[in-house]
Amino acid sequence: MGNVADTGKRTKAAIWVALLTTVCGLVLWHAVSWHSSGKYLEMIQWLETGRGYLTALYNLGLMLVMGALLGRLMQKISDLLG
Amino acid sequence: MITLPELAGVEVNLFLLVAVGLGAGVLSGFAGVGGAFVVTPALIILGFPANFAVGTSLAWVVGNSLIAVIRHSKLGNVDMKLGSVLLVASSGGVEVGVRLLNWVKGLGLADEVVLTVSIFLLLAVGGYTLSESLKRKRQLDRMFANGEKLPAELRATPLSHKLQSVNLTPMLTFAKSQVTISLWIVLAIGFFIGILSGLIGVGGGFIMVPSLVYAIGLSSFMAVGTDLFQIVFVASYGALRHTMSGNVVILVALIMVVAASFGVQFGVLTTRHVRGVSSRLILAIAILLFALGSILKLVYILSEERTAWLETGSLIVTFGGLGLTGLMILVLFWLARRCRCGQKIPGWCQSLVIRGDQ
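Just so we're clear, the structure is a prediction, and the values are computed from it rather than from any experiment.

What counts, and where the lines are drawn
Residues numbered from 1 in each chain as written. Chains lettered and ligands numbered in written order. Predicted model: local features only at pLDDT ≥ 70, side-chain atom pairs only at ≥ 80, totals over all residues. Heavy atoms only, no water. Contact = heavy atoms within 4.5 Å. Buried area = accessible area lost by both parts, 1.4 Å probe. Polar contact = N/O pair within 3.5 Å; in protein donor to acceptor, adjacent residues only side chain to side chain. Helix = DSSP H or I, 4+ residues; strand = E, 2+ residues; numbered from the N terminus. pLDDT = per-residue confidence, 0-100. Core = buried A, V, L, I, M, F, W, Y, C linked by side-chain atoms within 4.5 Å. Buried < 20%, exposed > 50% of the residue type's maximum accessible area, 1.4 Å probe, protein only. Phe/Tyr/Trp six-rings, centres within 6.5 Å; stacked < 30°, edge-to-face > 60°. Lys NZ or Arg CZ within 6 Å of the ring centre and 35° of its normal.

> It is not clear to me how the interface of chain A and chain B should be interpreted in this structure. Could you clarify?
A common way to state how big an interface is: give the accessible area lost once the parts meet. Listed per partner, the contact involves 28 residues of chain A and 27 residues of chain B. Between chain A and chain B, a total of about 2500 Å² is buried, with carbon and sulfur atoms accounting for 82% of that surface. Among the residues chain A hides against chain B, the three largest losses belong to A:His35, A:Met63 and A:Met74. Together they make up 27% of the total. The tally of links between chain A and chain B comes to one residue pair in polar contact (both at pLDDT 80 or more). When residues of the side of chain A that touches chain B are traced back to their parent elements, those giving at least two are α1 (2–37), α2 (39–45) and α3 (52–81) of chain A.

In structure tokens:
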């Protein structure tokens, strides 16, 4: 019984790991692609206008989202590895 | 190499960024420091202007601390109630510290004052932490020699006993930390540390963690988790302010956060295999090496000739010290694993690791 419950827990953790890795990858891809396309440079230029707060919120949001996703991902990896 | 559109002409080696993030993450997860005092000089060495290095490292601290808090909270090492009270107090202190810094800057003495205060503080905190943790280690060594069962953590110092016995209403009970202490004492400690953080421009972890242990009476790991919890908010505010000033290179912070997430896990995992005294001992060594690096930098600033070797020496001592700290954590983890598997380990580290039967 214990083994079945353990396997179920690990399968669930594996699904979470796959899902969170995909989302983290997408966030990273988004940041890199905005950098290379010049979109982010455009946002940096907003700092000289009244829309600078949007750049600040974007940066902070990106770090908080990435931190939360990676924190959760590492937790699930620990669950998966037991 | 990656090219940064915000910093025309600046190219950064991706592997070095990953290495810095990984190393800072290990120290952060193990010793509970935010890591800004590691990342800022590293970015300067990698070619970033100082203002970008400070802003980017603060943005990195937001993500890195959040990862560590999630991990520590799972291990039951975060006292949110105490963290919130400290956050309120330290935020007020930071504002006072920043104003103080601006006043000193107006006098044209910012570098000298900031470095002098940092050095005194680092020597005081590092020296006290080192002497206390060595005393604790000797105590644990004696217990081990007598065949007594060693506790995972020795709590409550004479100072924390004295402060907890001060009956100044309202008295607050922090159930998670198992501490009852006057609100005013917690506010005073948070405010004082906030002033120092604002003045010398660091997250404050290396001051906050020893203060929580020695003054309030928290266990080392509860102090680490609680400190990281409040750092998330303090660093978020700092990152917002720096972005508005155009000092943040977000892609660099993001890459380092991904690398640090693995380092943090290793650091936090190591805390489960070692006694609190080990974490304090290694933090003390890191602080004292950082103080030595700062002394060299101060002598460089004060010397009229601005001898280049002093500045290089300062960087070497700071980075070499951090490398050494990382190596010590790695060795300690390896010894702890050996001990758990019932293999022989040297006598000097018997009291530093948690044995499998304890």
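That covers the picture; the talk isn't over yet.
> So what exactly am I meant to see when it comes to the confidence of the model for chain B here?
Residues and elements named next belong to chain B. For chain B, mean pLDDT is 80; residues scoring 70 or higher make up 92% of the total. Of all helices and strands in chain B, the one with the weakest mean pLDDT is strand β1 (residues 2–3) (64), whereas helix α10 (residues 250–271) scores best (87). Prediction confidence for the complex, expressed as pTM and ipTM, is 0.78 and 0.88 respectively.

> Before we go on, may I ask you to explain the nonpolar core in this structure?
Side chains of nonpolar character tend, in soluble globular proteins, to be buried together. B:Leu43, B:Phe48 and B:Trp60 are the most contacted members of the largest nonpolar core, which has 122 residues in total. Core analysis: the second largest hydrophobic core is formed by seven residues, B:Leu115, B:Leu296, B:Tyr300 and B:Leu310 among them.

> Got a minute to help me understand the packing of aromatic side chains in this structure?
For any pair of aromatic rings, geometry is given as the distance between the ring centres together with the angle between the planes. Throughout the structure, instances matching the rule amount to five aromatic pairs over all chains. Centre to centre, the rings of B:Phe229 and B:Phe233 are 5.4 Å apart; their planes meet at 70°, and the pair counts as edge-to-face. A residue pair is termed a helical-turn pair when its members lie 3 or 4 positions apart in one helix, as B:Phe229 and B:Phe233 do in helix α9 (residues 220–244) at four residues. The exposure class assigned to B:Phe229 is buried, which follows from its relative accessible area of 11%. Grouping aromatic residues by their ring pairs yields a cluster made of A:Trp34, A:Tyr40 and A:Tyr58. Here the guanidinium or amino end of A:Lys39 rests over the ring plane of A:Trp34, the centre of that ring lying 5.5 Å away. Residue placement shows A:Arg51 over the ring face of A:Trp46; its charged tip is 4.1 Å from the ring centre.

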